[in-house]
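Each chain is listed here by its residues.
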Amino acid sequence: MDAKALQSAAAARGSNYYLTGIPDGPLPFVFEAGLPDPATFPAAELGRLFTDVLEADTAELQYGSPIDGDLGYGNIGLRRLLAQRTLEIDGRTVDHAGVMLTSGGVQGIAEAVAAFLDPGDHAVVEAPTWDYTLRAIQATGAEATAIPIDDDGMQIDLLEQHIARLAASGERLKLVYIIATFNVPTAVSLSEERRRRLVTLAQEHSFVIIEDNVYADLRYDGERLPSLYSLDDAGLVVKVDSFSKTMMPALRLGWVTGDPAAVDAMARVRRDLGVSQLVARAIARFVGDGRYEPHIASVCELYRTKRDAVAAALEQHCTGTMTWNNPAGGYFFWLELADDVDGKAVQRAAFMEGVLCRPGERFYGEPEHGKQRLRLAFTMAPVADLERAVEILGKSAATNRR
Ligand SMILES: Cc1ncc(COP(=O)(O)O)c(C=O)c1O
């Protein structure tokens, strides 16, 4: 990535990682976005499957059939397979009418926000959270309140207090957006006990939960936690999944799972004619042939190695100047610089040596938060680059004390 091009793109967006006095030429160590390692893309297999579909399903490569909601909801074959996967993973029987394909997880989130929020409504997100959703909620004219997380995820006591405060002023909570498994940027997961309390609260107060599950399959340690979707029998949880993080963002393929009535409400606000039949049919073959779970397992193996390499490098180069999480899954290290280290100066110094992480402020609604934080995406880069970048970060932190 070229540093000057990045600077002008960032400036055009009013982004807070606009930095002055940047180096010329490419940036060698970019850990800014949540990107998978291209080495994991099953390119040859997908090539064969795309060819198979083009040859065998030629007549079907239209928009989709109006039967069974194939047009709009997406290819029925893949939706059936994903419904079956939900049964296997979540222990929940879901009809294909409760599964809709989307253009990545992001479309599922956008549709849920559009379907369930009106101007003036109240929504809750985690602090910190993925800023895209925060902005999507605010764009509807709804009010987003960020509830802080601790090591067990969103602090449900604080959520309860917020609900009570709203009730005292005659208002109610309409929607919670939560990355319950491997929160972005912290990689913290909501504990099982809190999952149960959150679902109970949703049932008591009739609010919808958007469960952003796009990183949940990428677990490197420990046991899978029950999804919020699996714990709810009142149809209030919409689970958002994606093939982007496990397979390849360019597929632009994700899916939502929920009560058919909730999915129908989302289908009504979508303004396209469904996802690509070609892509969905190729992925249906991949999943149907039993290749998806082994693919995820091999991706996890690679990312576990990278995670461990970064943890060791942090230990070696950054002890004393910052603290960090040990991500049990997902894509990110979340670094916190010590109080006596100048966060902005470190960011600039590391950037001058070609290291770019995402600034912490991006994950909070209020810009005064997160100044001492950096998110480092560890999945895409080769191990040697990750190690070198952490060394640069450590040196930048050591030489930029207040
Ligand atoms: C937390 C989170 N949710 C959802 C997405 C959506 O990704 P996609 O639309 O590629 O599935 C992303 C991508 O960065 C993400 O980080």
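Scroll up a little and you will see the structure.
These numbers come from a predicted model, not from an experiment.

**Q** I'd like a rundown of the packing of helix α5 (residues 104-116) against helix α6 (residues 131-139), residues and numbers included.
**A** Two numbers describe how α5 lies on α6: the axes approach to 10 Å, and their chain directions differ by 25 degrees. Here α6 runs roughly parallel to α5, going by the angle between their axes. The handedness of the crossing between α5 and α6 comes out as right-handed. Residue-level inspection shows V106, I109, A110 and V113 of α5 in contact with α6, the latter providing Y132, T133, A136 and I137. Residues that form the contact of α5 with α6 fall into these classes: seven nonpolar, one polar and no charged.

**Q** Please give an account of the sheet that holds strand β12 (residues 355-359) that cites residues and values.
**A** Pairing within the open sheet is mixed, and its five strands lie in the order β1-β12-β13-β11-β10. If you trace the sheet from one side to the other, it starts and ends with β1 (29-31) and β10 (322-324), each paired once. Going from strand to strand, the sheet's axes swing by 35 degrees on average, the running direction of each strand aside.

**Q** So what's going on with the site of the ligand? Which residues, and what values?
**A** Around the ligand, 13 residues are found, and the nearest of them are G105, D212, S242, S244 and R252. V106 places a main-chain nitrogen or oxygen 3.0 Å from an oxygen atom of the ligand. The contact in question runs from an oxygen atom of the ligand to an N or O atom on the side chain of S244, over 2.6 Å. Protein contacts shield 90% of the accessible area of the ligand, which totals 400 Å² for the unbound molecule. It is α5 that provides the largest number of residues to the shell around the ligand, a total of three residues. Class assignment of the residues belonging to the shell around the ligand gives a composition of six nonpolar, four polar and three charged.

**Q** So what's going on with the nonpolar core? Residues and values would help.
**A** The biggest cluster of nonpolar side chains holds 115 residues, and the ones touching the most others in it are L78, M154, L159, F243, I283 and L376. A per-element tally of this core places helix α12 (residues 292-318) first, with ten residues. Contacts of F243, omitting those with residues within four sequence positions, involve L78, L82, M248, L251, L253, G254, W255, I283, V287 and Y292.

**Q** Tell me about the side chain of T321, residues and numbers included.
**A** For T321, the position within the fold is in the loop between α12 and β10. Polar contacts involving the side chain of T321 include one to the main-chain carbonyl oxygen of C318, which spans 3.0 Å. Excluding its chain neighbours within four sequence positions, the residues that come into contact with T321 are E336, L337, A338, V341, A397, A398 and R401.

**Q** I'd love a proper account of the sheet that holds strand β5 (residues 153-154), names of residues and values included.
**A** Strand order in the open sheet made by the eight strands is β2-β9-β8-β7-β6-β3-β4-β5, with mixed pairing throughout. For this open sheet the edge positions go to β2 (99-102) and β5, each flanked by a neighbour on one side alone. Where strand β4 (residues 143-150) meets β5, two bridges bridge the pair, whose relative direction is antiparallel. What sits directly across from I149, in β5, is M154. Across the face of the sheet, helix α10 (residues 260-269) comes into contact with β2, β8 (237-242) and β9 (254-257) while running at roughly 30 degrees to β2.

Analysis parameters
- Residues numbered from 1 in each chain as written.
- Predicted model: local features only at pLDDT ≥ 70, side-chain atom pairs only at ≥ 80, totals over all residues.
- Heavy atoms only, no water.
- Axes fitted to C-alpha atoms, helices over the stretch in contact; angles between N-to-C directions.
- Helix = DSSP H or I, 4+ residues; strand = E, 2+ residues; numbered from the N terminus.
- Parallel < 35°, antiparallel > 145°, perpendicular 65-115°, else oblique.
- Left-handed = near helix turned anticlockwise from the far one by under 90°.
- Contact = heavy atoms within 4.5 Å.
- Nonpolar A, V, L, I, M, F, W, Y, C, P; charged D, E, K, R; others polar.
- Pairing = 2+ DSSP bridges.
- Near = heavy atom within 4 Å.
- Polar contact = N/O pair within 3.5 Å; in protein donor to acceptor, adjacent residues only side chain to side chain.
- Areas by Shrake-Rupley, 256 points an atom, 1.4 Å probe, with all protein chains shown as cover.
- Core = buried A, V, L, I, M, F, W, Y, C linked by side-chain atoms within 4.5 Å.
- Buried < 20%, exposed > 50% of the residue type's maximum accessible area, 1.4 Å probe, protein only.

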